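Tertiary structure, described
The chain contents come next:
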Amino acid sequence: MKRKNTNKYVSFALVIAAYAIMMILTASGKITRSMQGMLVPICAYIVMAISLNLTVGILGELSLGHAGFMSMGAFTGTCAALMMTESVPDEGLRLGISMVIGAIFGGIAGFLIGIPVLRLKGDYLAIVTLAFGEIIKSIFNNLYVGFDKYGLNFQLLSEKGIKLEEGGRMLIQGAMGISKIKKISTFTAGFILIILTLFIVYHLVESRYGRAIMAIRDNRIAAESVGVDVTKYKMTAFVISAALAGAAGTLFAMNYSTITANKFDFNTSILILVLVVLGGLGNITGSIISATLLTILPEALRGFATYRMLVYAIVLIVVMLFTNASGTKMLISNIKAKLGGNKEEEEQ
Amino acid sequence: MRFLSFLISGLSLGSIYAIIALGYTMVYGIAKMLNFAHGDVIMVGSYICFFAMMRYNLPPVVGVILAVIVCTILGMVIERAAYKPLRQAPSLAVLITAIGVSYFLQNGALLLWTSSPKVFPSIIGNGKIQLGELTISHVTLLTVAVCLVIMAVLTWFTGRTKMGKAMRACSEDKGAAQLMGIDVNGTISMTFAIGSGLAAIAGVLLCSAYPTLVPTTGSMPGIKAFTAAVFGGIGSIPGAFLGGLLLGVIETFAKAYISTQLSDAVVFSVLIIVLLVRPAGLLGKVINEKV
């Protein structure tokens, strides 16, 4: 229990320190333009990694469609922001409201996916989230939404049916996605979202809910037999994870002038999973570090870009083999035994 | 007549899905893991056949046999290198490793063979059969025929041969099978070999019907065939067959009568609905958990 607390403070300290350093560097003008452009995506990926870690590491269910929730949040949140351009002139407030809307829609999507799946056991969540990611991508690629003073106009497949009053505008244009977005995401907003995410996730993990969720992960049958409502707790964790991904999606989308559904494909879901696995399943601080490093690294190693995905793949396999194979497990525990101390206890 | 021709092309596409789904379902049945790299083995098989035919001017039959051999070996190597050390590990770890292998194959192919699309030559020409108003291409007929033959052989293999019995025993209870003197590791390796060999055949058929070959060719059919396996009941061989055919037909009809762009959404929605109603799939066994 003690270790978890220190871990929590490390996470908060790390994020706050990083924020302070970046703010000082920005103020003194020592930061490159490309780095500045990456700050918001880094924040978004950190939130994505932490929220997926909640599903994969803490709940112990594999989700292969996390980008789908991000997409949901990105599209709904951005639409909301565009609709509020006049009614809410303050950009910070507008971004905040949009992120809340993105989170709500992400959460609703998570809830709808969760209803059929979370009562089943096994790898079903992986399959259905994978399917969900593809469905969302294919829907947003064919959805046309217009907006005028009378409200929203929806049309699937073509924009022909949409007739807008004067002053109205198209929000989503099928495969072209949303264009002419006013970039209102800021690093400070990203920082606040990360702190909020950390607060929510740590609060959840340390509460009665978190203990129940981890009990389900470690032994579902035992948890059920002492009266833990498995579906309810699984659903709680999953919906929170999806809602956070939705908020991150809004933050991410509002950093670009155009956003298309193909940005949030299966590869993005896998990329986020790689972040979580590299950072360590269930380790929030690890997720933050790996999300930061793996977003900066490709940028820093531009010449290396062709090998990037190959290296990702190899790293993923090697990390899994190294941490899970029975041979290396024996080796690690032998080393730990030789070093003495209470290493084993700390693992808990 | 339109309906009939859609049905036939659906069955042809479904046959390809069925062959791929067999690989997924057999591996799941015996190793209890989702082999995400399966779709990419298809792609490797297609590339091997392509290079054998186009660069070395070998006859199509030799190309197909070469592809089957390479994929069989590849499947066994993947199993030995990446999955065998994780036999005792939690299923999440194995699944993530499988995704890693899938990415490895895709990006390896990208580096080796570049992303520029290759136009796959037809293995049996572009002949057609005319039945009244109905036109059926030779490739379609061949695909359906190959699928039926594979189904028949596999049913015989798992039902009648010693190796097949060993496979069924392993999928039922690995510990008990080992006590009966069955070489469990060998059997699992064999299953991967068969699945990957079938993947090569599926790859060649797939590229004969849709002749654009890129390093990501295998991933979408792989995901859909996997869906088909779950649809039919993962772990069941007739289930994979039925699921594959149904999925192919549903996809073709969705393309024809609903919309080309939304057909993927329709296919995956069907999967979710099936899981909602029958979690074990159409022909899957419902296993009650013992405490």
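Numbers given for residues are sequential positions, taken from 1 along each chain in its written order. Here chains are named by letter from A upward and ligands by number from 1 upward, in the order in which they appear as written. Where totals are concerned, whole chains, interfaces and linings use all residues; where local detail is concerned, this predicted model gives features only for residues with pLDDT of at least 70, and gives and counts side-chain atom pairs only at 80 or more. Side-chain calculation: all heavy atoms of the structure are included, whereas hydrogens and water are not.

**Section: the overall build of chain A**
Runs of H or I in DSSP of at least four residues are treated as helices and runs of E of at least two as strands, each being numbered from the N terminus. Assigned secondary structure in chain A consists of 14 helices and three strands. Relative accessibility thresholds used throughout: buried, under 20% of the residue-type maximum; exposed, over 50%; partly exposed, between the two (1.4 Å probe, protein chains only). Counting the 348 residues in chain A, one finds 51% classified as buried. Here the analysis covers contacts within chain A between residues at least 6 apart in sequence; of these, 73% occur between residues at least 24 apart. When the accessible surface of chain A is split by element, carbon and sulfur atoms take 63% of a total near 16,000 Å². Two residues qualify as a contact provided that any one of their heavy atoms is within 4.5 Å of a heavy atom in the partner residue. Residue burial considers only the protein chains on display, and all accessible areas are found by Shrake-Rupley using a 1.4 Å probe.

**Some thoughts on the interface of chain A and chain B**
Between chain A and chain B, the residue contacts involve 42 residues of the former and 42 residues of the latter. Take the accessible area each of two parts loses on contact, using a 1.4 Å probe, and add the two losses: that sum is the buried area. Buried surface at the junction of chain A and chain B, summed over both partners, amounts to about 3,800 Å²; 79% is from carbon and sulfur atoms. Within this document, salt bridges are pairs made up of a side-chain nitrogen of Lys or Arg and a carboxyl oxygen of Asp or Glu, the two lying within 4 Å of each other. Here chain A is connected to chain B by zero salt bridges. Counted as a polar contact is a pair of N or O atoms within 3.5 Å, where, for protein atoms, one must be capable of donating a hydrogen and the other of accepting one, and residues adjacent in sequence contribute only when both atoms are in side chains. For the interface between chain A and chain B, the tally reads zero residue pairs in polar contact (both at pLDDT 80 or more). Those elements that place two or more of their residues in the side of chain A that touches chain B are α5 (124-140), α8 (220-225), α10 (266-279) and α12 (305-324) of chain A.

**Things to note about the packing of α5 of chain A against helix α11 (residues 263-277) of chain B**
Angles run from 0 to 180 degrees between N-to-C directions of axes, and those axes are lines fitted to C-alpha atoms, restricted for helices to the stretch in contact. Between α5 of chain A and α11 of chain B, the shortest axis-to-axis distance is 8 Å and the interhelical angle comes to 150°. Here α5 of chain A is positioned roughly antiparallel relative to α11 of chain B, judged by the angle of their axes. Here the hand of the crossing between α5 of chain A and α11 of chain B comes out left-handed. Contacts between α5 of chain A and α11 of chain B involve Y124, I127, V128, A131, E134, I135 and S138 of chain A from the former and D264, A265, F268, S269, L271, I272 and L275 of chain B from the latter. Orientation is classified from the angle alone, with under 35 degrees giving roughly parallel, over 145 giving roughly antiparallel, 65 to 115 giving roughly perpendicular, and any other angle giving oblique. Two helices cross in a left-handed way if the nearer one is turned anticlockwise from the farther one by less than a right angle. They cross in a right-handed way if the turn is clockwise.

**Focus: the nonpolar core**
Side-chain atoms within 4.5 Å link the members of a nonpolar core, which is a set of buried Ala, Val, Leu, Ile, Met, Phe, Trp, Tyr and Cys residues. Of all hydrophobic cores here, the largest spans 201 residues; its most connected members are L64, I172, L198 and L273 of chain A together with F36 and Y83 of chain B. The element contributing the most residues to this core is helix α2 (residues 33-58) of chain A, with 17 residues. Not counting chain neighbours up to four residues away, the residues in contact with I172 of chain A comprise F75, C79, F140, L143, Y144, V145, G177 and I178 of chain A.

**Here we look at the confidence of the model for chain A**
All names here are of chain A. Of all residues in chain A, 86% have pLDDT values of 70 or greater, and the mean over the chain is 80. pLDDT gives the predictor's per-residue confidence on a scale running from 0 to 100. Mean pLDDT values over the elements of chain A span from 44, in helix α14 (residues 343-347), up to 90, in helix α9 (residues 230-253). Here residues 342-348 is a poorly scored stretch, pLDDT under 50, and it has five contacts once near neighbours within four places are set aside; other chains count.

**Here's the deal with a nonpolar patch on the surface**
Residue and element names in this part refer to chain A. Patch definition: residues above 30% relative accessible area lacking any salt bridge, with like charges linked at up to 9 Å and the nonpolar side chains Val, Leu, Ile, Met, Phe, Trp and Tyr linked at up to 5 Å. A cluster of nonpolar side chains, V100, I104, F105, I108, F111, L112 and I115, forms an exposed patch at the surface whose accessible area comes to about 630 Å². Note on placement: F105 falls in helix α4 (residues 91-117). The exposure class assigned to F105 is partly exposed, which follows from its relative accessible area of 34%.

**A look at the packing of aromatic side chains**
Note on aromatic pairs: each is described by the distance of the centres and the angle between the planes. Between 30 and 60 degrees the pair is tilted, below 30 it is stacked and above 60 it is edge-to-face, where a pair is any two Phe, Tyr or Trp rings, Trp via its six-membered ring, whose centres lie within 6.5 Å. By the definition in use, this model includes 22 aromatic pairs over all chains. Taking the centre distance of 5.7 Å and the plane angle of 65° together, the rings of Y45 of chain A and F252 of chain A count as edge-to-face. Separated by 207 residues along the polypeptide, Y45 of chain A in helix α2 and F252 of chain A in helix α9 bring together distant segments of the chain. Residue classification places Y45 of chain A among the buried residues on the basis of a relative accessible area of 14%. Ring geometry for F266 of chain A versus F36 of chain B: centroids 6.5 Å apart, planes at 25°, classification stacked. Taken together, the positions of F266 of chain A in helix α10 and F36 of chain B in the loop between α1 (2-31) and α2 (38-54) put the pair across two chains. Taken as a pair, F266 of chain A and F36 of chain B share a single burial class, namely buried.

**Points about helix α3 (residues 66-83) of chain A**
Expected span of a helix: the number of residues minus one, times 1.5 Å. In a regular helix each residue adds 1.5 Å, so 18 residues correspond to 26 Å; α3 of chain A covers 26 Å between its end C-alpha atoms and thus fits that length. Of all 18 residues in α3 of chain A, 17 are buried, a share of seventy percent or more.

**Considering the pattern of salt bridges**
All names here are of chain B. All chains considered together, the criterion is met by eight salt bridges over all chains. One salt bridge in this structure joins K224 and E251, with 3.2 Å as the shortest N-O distance. Of this pair, K224 sits in helix α9 (residues 219-232) while E251 sits in helix α10 (residues 237-258), and the two are 27 residues apart along the sequence. Since its relative accessible area comes to 3%, E251 is described here as buried. Here E251 ties to K255 by a salt bridge, and the two come within 3.2 Å at their closest N and O atoms. Taken together, the positions of E251 and K255, both in helix α10 and four residues apart, correspond to about one turn of that helix. One continuous salt-bridge network, built from bridges that share partners, spans K224, E251, K255 and D264.

**With respect to helix α4 (residues 91-113) of chain B**
Residues and elements named next belong to chain B. Across its 23 residues, α4 extends 33 Å between first and last C-alpha, which sits within 8% of the 33 Å expected from 1.5 Å per residue. A large share of α4 lies buried, amounting to 17 of its 23 residues. Just downstream of α4, T114 is the residue with a positive phi angle, here 60°.

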